[in-house]
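Residue-level listing of the chains:
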Amino acid sequence: MTDDATDIAEACWAFALELYQRPSASAICLKLQAEAGVDVMLLLVAIFAVTRRGLRLSSLDIEEMSAACAPWRDEIVQPLRRVRTTLKAGGSFASGEAIEALRGQIKASELAAERLENDLLARWLAVQPRGAQSASLDDIRNVIGDVVCAAQRRQSAASIDLADDVARLASLADDLI
């Protein structure tokens, strides 16, 4: 990774953690993931691109970002998540301290895999010219909405109304500017 991409990756990761830890942000992100198939890491990087790098991401940009991390997301992150959530759901095979310890290890691996996805997306951002304008609340809302729509298209899922969640997450991100 180039120095610029490394710097972007570190700043983006710090931003993602800061936003995700805001009250209700994680719940919104997880809802968007569960109901619309949103890649939360891609979502957080797209918000970072708008708020901290001044980029106005188009639908094509979001598709390019998704393509940049799709193999990693599909072959590493999502399988780890499936195993972790299966263990969390319980059942006769998934109970006890040893299972909880294993689930904790898988959760840590999933987080490490998401950090590497962040790095892949930072490489994409590093070759984009930095924008000159500050982001408005509408810019943030638009990019979140575009990421949600792109996720729904990838899954060929019916559009569901997530406008309130998009607006709430945009407001949380706007507070960080």
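Residues numbered from 1 in each chain as written. Predicted model: local features only at pLDDT ≥ 70, side-chain atom pairs only at ≥ 80, totals over all residues. Heavy atoms only, no water.

Colleague: Describe unusual backbone geometry, and please don't skip the residues or the numbers.
Modeller: One non-glycine residue, Ser 24, lies in positive phi territory at about 75°. Tracing the backbone shows Ser 24 in the loop between helix H1 (3-20) and helix H2 (25-36). Ser 24 gets classed as partly exposed once you look at its relative accessible area, which sits at 35%. (Helix = DSSP H or I, 4+ residues; strand = E, 2+ residues; numbered from the N terminus. Buried < 20%, exposed > 50% of the residue type's maximum accessible area, 1.4 Å probe, protein only.)

Colleague: Please set out the pattern of salt bridges residue by residue, giving values where relevant.
Modeller: In total, this model carries 12 salt bridges according to the counting rule given. One salt bridge connects Arg 56 with Asp 139, and the closest N-O pair in it is separated by 3.1 Å. Residue Arg 56 is found in the loop between helix H3 (40-53) and helix H4 (59-89), and its partner Asp 139 is found in helix H6 (residues 137-154); the two are separated by 83 residues along the sequence. In this structure, Arg 168 engages Asp 165 in a salt bridge whose closest nitrogen and oxygen atoms are separated by 3.3 Å. Here the residue Arg 168 and the residue Asp 165 both occupy positions in helix H7 (residues 163-174), the gap between them amounting to three residues, near one helical turn. The class for Asp 165 is buried, based on a relative accessible area of 7%. Shared partners join several salt bridges into a network, and the residues in it are Arg 81, Arg 84, Glu 110 and Glu 114. (Salt bridge = Lys/Arg side-chain N within 4 Å of Asp/Glu carboxyl O.)

Colleague: Please set out the packing of H4 against helix H5 (residues 97-126) residue by residue, giving values where relevant.
Modeller: Packed helices, taken two at a time, are described by the angle between their axes plus the distance between the axes. In contact at an axis separation of 9 Å, H4 and H5 are set at 175° when each is read in the N-to-C sense. Taken as axis vectors, H4 and H5 run roughly antiparallel relative to one another. Considering only residue class, the contact of H4 with H5 consists of 17 nonpolar, one polar and 11 charged. (Axes fitted to C-alpha atoms, helices over the stretch in contact; angles between N-to-C directions. Parallel < 35°, antiparallel > 145°, perpendicular 65-115°, else oblique. Nonpolar A, V, L, I, M, F, W, Y, C, P; charged D, E, K, R; others polar.)

Colleague: Please set out the layout of surface pockets residue by residue, giving values where relevant.
Modeller: In this structure, the largest pocket encloses a volume near 470 Å³. Lining the largest pocket are 17 residues; nearest its centre among them are Tyr 20, Leu 30, Glu 110, Leu 111 and Glu 114. Broken down by secondary-structure element, the contributors of at least two residues to the lining of the largest pocket are H1, H2, H3, H4 and H5. If you tally residues by element for the lining of the largest pocket, the top one is H5, at five residues. Grouping the amino acids of the lining of the largest pocket by side-chain chemistry returns nine nonpolar, one polar and seven charged. Approximately 150 Å³ is the volume found for the second largest pocket. Together, 13 residues line the second largest pocket, and Gln 33, Gly 37, Val 38, Gln 78 and Arg 81 are the ones closest to its centre. (1 Å grid on protein atoms, 1.4 Å probe; cavity = no way out; pocket = protein on both sides within 12 Å on 5 of 7 lines; lining within 4 Å. Points joined across faces, edges and corners; volume = space filled by probe spheres on them.)

Colleague: Hey, could you go over the environment of Leu 80 for me, with residue numbers and the actual values?
Modeller: Within the element layout of this structure, Leu 80 appears in helix H4. Of the residues examined, Leu 80 reaches a relative accessible area of 22% and is grouped as partly exposed. In this structure, the C-alpha to C-alpha distance between Leu 80 and Glu 110, residues 30 residues apart in sequence, is 5.7 Å. Setting aside residues no more than four positions away along its own chain, Leu 80 makes contact with Ile 106, Ser 109, Glu 110 and Ala 113. (Contact = heavy atoms within 4.5 Å.)

Colleague: Please set out the environment of Gly 104 residue by residue, giving values where relevant.
Modeller: Along the chain, Gly 104 falls in helix H5. When the C-alpha positions of Gly 104 and Cys 69 are compared, they lie 24 Å apart, and in sequence the two are 35 residues distant.

It is worth stressing that arrangement in space is one thing and function is another; only the former is reported here.
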